[in-house]
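Residue-level structural notes
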Amino acid sequence: MLDWSYLGQLTPILIKYLPVTLGLTLVATVLSLALGLALALIKVFKLPIANQLATLYISFFRGTPLLVQLFLIYYGLPQIFPAMKAMTAYSAAILGLSLHFSAYMAESMRGAIKSVPSHQTEAALSIGMTLSQAMRRIILPQAGRAAVPALMNNFIDLLKSTSLAFTLGVTEIMAKAQQEASSSFNFFESFLAVALMYWLMVSALSWGQHHIEKRLNRGFA
Amino acid sequence: MINIVGLSKTFNGQPVFSGIDLTLDTGDVVVIIGPSGTGKSTLLRCLNGLEQADSGIIELHDQRVDLATADAHSIRALRQRMGFVFQNYALFANKTALENLTEGLTQVQNIPKSEALPIAMSWLEKVGLANKKDAYPSELSGGQQQRIGIARALSQQPDIVLFDEPTSALDPETVDEVLNLMRSLALQKTTMLVVTHEMQFAREVATEVVFLSDGGIVESGRPEDLFKQPKDVRTQTFLKRVRQ
Ligand SMILES: Nc1ncnc2c1ncn2[C@@H]1O[C@H](COP(=O)(O)OP(=O)(O)OP(=O)(O)O)[C@@H](O)[C@H]1O
Ligand SMILES: [Mg+2]
């Protein structure tokens, strides 16, 4: 039933497109972490106006499907802003993934910052630190540890969600599997191969997550 | 000399206390006692700006700060001269015992690390915990954490140290380890403002005991007077209750 030799041929072809998947993942992760941290701080400090905007932003990007957001960005926005016509599918995918996951990461980081007891800030202030020193030296390092499990889950979600980039025409592993499937009609083998690749990457990440968490918790409660 | 004049605080329009005046000479140990919820913690927190007072002036030697209107900069300057010891220790959980002390020296007072380390070590030695310098707070007992908390406050060389019930979160067996440290600080003429329910400590160590209740100072005096012959009936009732 299962065409093993086809699976053997396909795997190296898919692996060639792995850098596209990993590139999307890494760039979008860095951008969504940075944007997410900014959003989390705005919400923690309840900055006037920015706080309401951040709430609206997070609500929108968590409340609508990623696929819809990607279409809105790639097919929709250039109609309103002609300058965006130059945007490539790859850039649009990164933009969409970054905006979408920054909303989730903001919530993960906000929760972690709030989980640090307020007496930690008060103790830092009581010795004469500025609020920004207290954040950088005392609160954020503790929040960082607390945020690792949730952020790792966001990261794994993001990795899997890069498969939606194929709907914009980005040729990453999912798109390649789709192309190979429709030319060879080996749909099962093609999608099985790509599924196994995601599964392997996610398993490796989960394994890494477990070890990072164990290390972070050493000597520190 | 430290002078506190006309300190008042409300929460959501509800007055906690008003018109509090207190004076401490160098080396004085003033102990504040009073029923739960009368604002003892709030009073200390107003003094170092963790809560904003509605009115009140603090004069710390040459520095005069209006606690109701002070900007962030003068509040920080005030805090550097005023140590704070928390009921729940509040040691920096991501820092070792030693780093808890050097943090303020290097980051706030801008003392180079090479000079900050010996200062911090000497304070750890004074509180008997030099051997725990690399331990994280979670690896220390409550009593040890509080001794580090006291060392953290004192290592910044403040003019006065505020203590908010420093022993009430401790096991009964470890209370004395912290009180003994505070006794020795008093002997070394450390100026302290202490909120506590430890009446024996107040009796032995205080230069003045202040009874706070019903939004103000009901009565204050030398411990031998206040404990033996409380004038106000509220003081009498309170003392009778805590003695039982
Ligand atoms: N952040 C706050 N917001 C509103 N009310 C507060 C706040 N902090 C304290 N209060 C109120 O102010 C009053 C004084 O509280 P405070 O903690 O200073 O009392 P206390 O004398 O230290 O009590 P205890 O002996 O139980 O520690 C209480 O009625 C308390 O409910
Ligand atoms: Mg209190």
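Numbering of residues starts from 1 in every chain and runs along the sequence as written. Each chain is given a letter, starting from A, and each ligand a number, starting from 1, according to the order in which they appear as written. Only residues with pLDDT of 70 or above have their local features reported here, since the model is predicted, and side-chain atom pairs are shown and tallied only from 80 upward, although totals for entire chains, interfaces and linings are computed over all residues. Note that the side-chain values use all heavy atoms of the structure and ignore hydrogens as well as water.

Scored from 0 to 100, pLDDT reflects the predictor's confidence in each residue. Residues of chain B with pLDDT of at least 70 account for 100%, and the chain-wide mean is 96. Across the whole predicted complex the pTM is 0.88, and at the interface the ipTM reaches 0.95.

For the rest of this paragraph, the subject is the packing of aromatic side chains. A pair of Phe, Tyr and Trp rings is counted when the ring centres sit within 6.5 Å of each other, with Trp represented by its six-membered ring. The angle between the planes then sorts it: under 30 degrees is stacked, over 60 is edge-to-face, the rest tilted. The final tally for this structure, using the stated rule, is 9 aromatic pairs over all chains. Taking the centre distance of 5.2 Å and the plane angle of 85 degrees together, the rings of A:Phe71 and A:Tyr75 count as edge-to-face. Here the residue A:Phe71 and the residue A:Tyr75 both occupy positions in helix H4 (residues 66-80), the gap between them amounting to 4 residues, near one helical turn. Partly exposed describes any residue whose relative accessible area lies between the buried limit of under 20% and the exposed limit of over 50%, with all areas from a 1.4 Å probe on protein chains only and scaled to the type maximum. With a relative accessible area of 36%, A:Phe71 lands in the partly exposed category. A:Tyr75 gets classed as partly exposed once you look at its relative accessible area, which sits at 43%. With centroids separated by 5.0 Å and ring planes inclined at 65 degrees, the aromatic side chains of A:Tyr74 and A:Tyr75 adopt a geometry described as edge-to-face. Since its relative accessible area comes to 22%, A:Tyr74 is described here as partly exposed. The aromatic ring of B:Phe227 is capped on one face by B:Arg203, whose charged end is 4.8 Å from the ring centroid. The way it works is that DSSP assigns letters per residue, a run of H or I at least four long becomes a helix, a run of E at least two long becomes a strand, and they are numbered from the N terminus. As a reminder, the over-ring test applies to NZ of lysine and CZ of arginine, requiring each to be within 6 Å of the ring centre and within 35 degrees of the ring normal.

Let's shift gears to the interface of chain A and chain B. Each partner contributes to the interface: chain A provides 19 residues, whereas chain B provides 25 residues. Roughly 2000 Å² of surface becomes buried between chain A and chain B when both sides are summed, with 57% attributable to carbon and sulfur atoms. The salt bridge definition used is simple: a Lys or Arg side-chain nitrogen within 4 Å of an Asp or Glu carboxyl oxygen. Seen at the junction of chain A and chain B, the total is 2 salt bridges. Pairs of N or O atoms within 3.5 Å make up the polar contacts considered here, provided that, within protein, one atom can donate a hydrogen while the other can accept it, and that residues adjacent in sequence are counted only when both atoms are side-chain atoms. The tally of links between chain A and chain B comes to 7 residue pairs in polar contact (both at pLDDT 80 or more). Elements represented by at least two residues in the side of chain A that touches chain B include exactly helix H6 (118-126) and helix H7 (131-161) of chain A. If you tally residues by element for the side of chain A that touches chain B, the top one is H6(A), at 7 residues. Only heavy atoms enter the contact rule, under which two residues are in contact if any of them lie within 4.5 Å. Summed over both partners, buried area is the accessible surface (1.4 Å probe) that two parts give up on being assembled.

A word on the site of ligand 1. All names here are of chain B. Every residue near ligand 1 is listed here: Phe11, Val16, Pro35, Ser36, Gly37, Thr38, Gly39, Lys40, Ser41, Thr42 and Glu165. One of the side-chain nitrogen or oxygen atoms of serine 36 is found 2.6 Å away from an oxygen atom of ligand 1. With respect to ligand 1, the side chain of glutamate 165 contributes an N or O atom lying 3.2 Å from an oxygen atom. Burial of ligand 1 by the surrounding chains reaches 57%, relative to a free accessible area of 640 Å². Counting residues per element, the shell around ligand 1 draws most heavily on helix H1 (residues 40-47), which supplies 3 residues. Residue classes follow a fixed rule: Ala, Val, Leu, Ile, Met, Phe, Trp, Tyr, Cys and Pro count as nonpolar, while Asp, Glu, Lys and Arg count as charged, and any other residue, Gly among them, counts as polar. In terms of residue class, the shell around ligand 1 is made up of 3 nonpolar, 6 polar and 2 charged. The criterion for a residue being near a molecule or strand is simple. One of its heavy atoms has to lie within 4 Å of it. Each accessible area value is a Shrake-Rupley result obtained with a 1.4 Å probe; residue values ignore everything except the protein chains displayed when judging cover.

Our next topic: the pattern of salt bridges. Counted according to the given criterion, the structure contains 16 salt bridges over all chains. The partner of B:Arg234 in a salt bridge is B:Asp232, with the nearest N and O atoms 3.1 Å apart. Classification of B:Arg234 as partly exposed rests on a relative accessible area of 37%. Each member of the salt-bridge network shares a partner with another, and the members are A:Glu122, B:Arg45 and B:Glu51.

Residues and elements named next belong to chain B. With 5 of its 5 residues buried, strand E7 (residues 160-164) lies for the most part within the structure. Going residue by residue along E7, you find Ile160, Leu162 and Asp164 tucked away on one face and Val161 and Phe163 tucked away on the opposite face as well. For two strands to count as paired, DSSP must find a minimum of two bridges between them. By the bridge criterion, 4 bridges tie E7 to strand E8 (residues 192-195) in an arrangement that is parallel. In the strand pairing of E8, phenylalanine 163 is matched with valine 194. Handedness rule for crossovers: strands pointing away from the viewer, path from the first strand over the helix to the second running clockwise, crossover right-handed. Handedness of the E7-helix H6 (residues 172-187)-E8 crossover: right-handed.

By secondary structure assignment, the location of A:Ser126 is in helix H6. A polar contact is formed between the side chain of A:Ser126 and the backbone oxygen of A:Ala123, at a distance of 2.8 Å. Excluding anything up to four places from it in sequence, A:Ser126 contacts B:Asn48, B:Arg79, B:Met82, B:Phe84 and B:Phe86.

This part is about the nonpolar core. Put simply, buried Ala, Val, Leu, Ile, Met, Phe, Trp, Tyr and Cys residues joined by side-chain atoms within 4.5 Å make one nonpolar core. One finds B:Leu7, B:Leu43, B:Leu47, B:Ile58 and B:Leu193 to be the most contacted residues of the largest nonpolar core, which totals 76 residues. Ranked by residue count, the leading element in this core is helix H5 (residues 89-115) of chain A, at 13 residues. Leave out the neighbours within four places in its chain, and B:Ile58 touches B:Ile2, B:Asn3, B:Ile4, B:Leu47, B:Gln63, B:Arg64, B:Val65, B:Leu67, B:Leu78 and B:Met82. B:Leu154, B:Phe163, B:Ala206 and B:Val209 belong to the second largest nonpolar core, which has 47 residues in total.

All names here are of chain B. One can describe the packing of helix H5 (residues 142-155) onto H6 by two numbers: an axis separation of 8 Å at closest approach and a directional angle of 20 degrees. Compared by their axis directions, H5 and H6 come out roughly parallel. Both H5 and H6 take part in a crossing whose hand is right-handed. Contacts between H5 and H6 involve Gly143, Gln144, Gln146, Arg147, Ile150 and Leu154 on the former and, on the latter, Thr174, Glu177, Val178, Leu181, Met182 and Leu185. For the contact of H5 with H6, the per-class residue count stands at 6 nonpolar, 4 polar and 2 charged. Axis lines are fitted through C-alpha atoms, for helices just across the contact stretch, and the angle between N-to-C directions can take any value from 0 to 180 degrees. Note that the term roughly parallel is reserved for angles under 35 degrees, roughly antiparallel for angles over 145, roughly perpendicular for angles of 65 to 115, and oblique for everything else. A clockwise turn of the near helix away from the far one marks a right-handed crossing, whereas an anticlockwise turn of less than a right angle marks a left-handed crossing.

Attention now moves to H5(A). Helical geometry: 3.6 residues make up each α-helical turn, so side chains three or four residues apart lie on a common side. In this analysis, the expected span of each helix is defined as 1.5 Å times one less than the number of residues it contains. For H5(A), spanning 27 residues, the distance from its first C-alpha to its last is 39 Å, which sits close to the expected 39 Å at 1.5 Å a residue. We define the bend at any residue as the angle between the axes fitted to the seven residues before and including it, ending there, and the seven starting there. A maximum bend of about 25 degrees is found in H5(A) at A:Ser102.

Residue and element names in this part refer to chain B. Here we have 4 strands laid out as an open sheet, ordered E2-E1-E4-E5, and antiparallel in their pairing. The open sheet is flanked by strand E2 (14-24) and strand E5 (63-66), the only strands paired with a single partner. For this sheet, the mean angle separating the axes of adjacent strands, direction not counted, is 15 degrees. Note that strand E1 (residues 2-11) and strand E4 (residues 55-60) share 5 bridges and pair antiparallel. In the strand pairing of E4, asparagine 3 is matched with glutamate 59. Sitting on the sheet, helix H2 (residues 72-80) is in contact with E4 and E5, with an inclination near 130 degrees to E5.

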